[in-house]
Amino acid sequence: MSEEVVALASSALGDLKPKVPSKLAPEGIRSFTVCRNHDETGVSGEGVVIEGATLATGQCIVHWLYQPPRGGIAIFDSMADFIKVHIEPHPANKTIITYQDGEQQIFGEDNVS
């Protein structure tokens, strides 16, 4: 590759890298997993049962990791709404949400989150 092509490729790569979000969207995309230590309903299973992301808008997208060919996908207005619907009603599941940066939220009968 010529130096000009390498410089252009490096410049294009820099343009593709995630940037600090604009003032219109104060947060970027943040991925997470949901691990259930117990499944009180017998529907979702145990272990990591959901992968998801919060978007710059605050919306939350979740993907239930069902058996192939695919899992279910849902969109919530916020992470708080997702937690209110799918986590808090099931304290016996002892659920752990782990974000890509290592932060965790622990829910369950003996934990306060």
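Anyway, here's the lowdown on the structure attached to this text. (Residues numbered from 1 in each chain as written. Predicted model: local features only at pLDDT ≥ 70, side-chain atom pairs only at ≥ 80, totals over all residues. Heavy atoms only, no water.)

**What to know about the overall build of the chain**
Per the secondary structure count, the chain includes two helices and six strands. Reading the helices (α) and strands (β) of the chain from amino to carboxyl end gives α-β-β-β-β-α-β-β. Split into buried and exposed, the 113 residues of the chain put 25% on the buried side. For the chain, the proportion of contacts with a sequence separation of at least 24, taken over those separated by at least 6, is 33%. Carbon together with sulfur atoms contributes 57% to the accessible area of the chain, which is approximately 7,800 Å² in total. (Helix = DSSP H or I, 4+ residues; strand = E, 2+ residues; numbered from the N terminus. Buried < 20%, exposed > 50% of the residue type's maximum accessible area, 1.4 Å probe, protein only. Contact = heavy atoms within 4.5 Å. Areas by Shrake-Rupley, 256 points an atom, 1.4 Å probe, with all protein chains shown as cover.)

**Examining the nonpolar core**
Judged by nonpolar contacts, the single largest core of 16 residues is most densely connected at Phe32, Val34, Val62, Met79, Phe82 and Ile97. Among the secondary structure elements, those contributing two or more residues to this core are strand E1 (30-36), strand E2 (47-54), strand E3 (60-64), strand E4 (73-76), helix H2 (79-86) and strand E5 (95-99). Excluding its chain neighbours within four sequence positions, the residues that come into contact with Val34 are Gly47, Val48, Val49, Ile50, Phe82, Ile87, Thr95, Ile96 and Ile97. (Core = buried A, V, L, I, M, F, W, Y, C linked by side-chain atoms within 4.5 Å.)

**Notes on the side chain of Asn93**
Relative to the assigned elements, Asn93 resides in the loop between H2 and E5. Every residue in contact with Asn93, bar those within four places of it in the chain, is listed here: Arg36, Asn37, His38, Asp39 and Glu40.

**Notes on H2**
Every α-helix winds through 3.6 residues per turn, so residues three or four apart in the chain are directed the same way. Looking at H2, one finds that the buried residues are Met79, Phe82 and Ile83. Viewed along the axis of H2, the buried residues span an arc of 95°, placing them on a single side of the element. Opposite its buried face, H2 presents the exposed residues Ala80 and Lys84, each directed more than 90 degrees away. Buried positions along H2 lie against E1, E2, E3, E4, E5 and strand E6 (104-106). (Arc of directions from axis to C-beta.)

**Points about the sheet that holds E3**
Reading across from one edge, E4-E3-E2-E1-E5-E6 is the order of the six strands in this open sheet, with antiparallel pairing throughout. Either end of the sheet is taken by a strand with one partner, and the two such strands are E4 and E6. Shown here is a sheet whose adjacent strand axes are inclined to one another by a mean of 20°, direction ignored. Here E3 runs beside E4; their pairing, made up of four bridges, is antiparallel. Residue pairing across strands places Val62 opposite Ala74, the latter belonging to E4. (Pairing = 2+ DSSP bridges. Axes fitted to C-alpha atoms, helices over the stretch in contact; angles between N-to-C directions.)

**A look at the packing of aromatic side chains**
Given two aromatic rings, their pairing is described by the distance between the two centres and the angle made by the two planes. All told, the structure shown has three aromatic pairs when counted by the stated rule. An angle of 40° between the planes, with centres 6.3 Å apart, marks the rings of Phe32 and Phe82 as tilted. Of this pair, Phe32 sits in strand E1 while Phe82 is found in helix H2, placing the two residues 50 residues apart along the sequence. Under the relative-accessibility criterion, Phe82 is labelled buried at 0%. Linked through ring pairs, Phe32, Phe76, Phe82 and Tyr99 together constitute an aromatic cluster. Geometry around Tyr99 places Arg30 over its ring, the cationic atom sitting 3.9 Å from the centre. (Phe/Tyr/Trp six-rings, centres within 6.5 Å; stacked < 30°, edge-to-face > 60°. Lys NZ or Arg CZ within 6 Å of the ring centre and 35° of its normal.)

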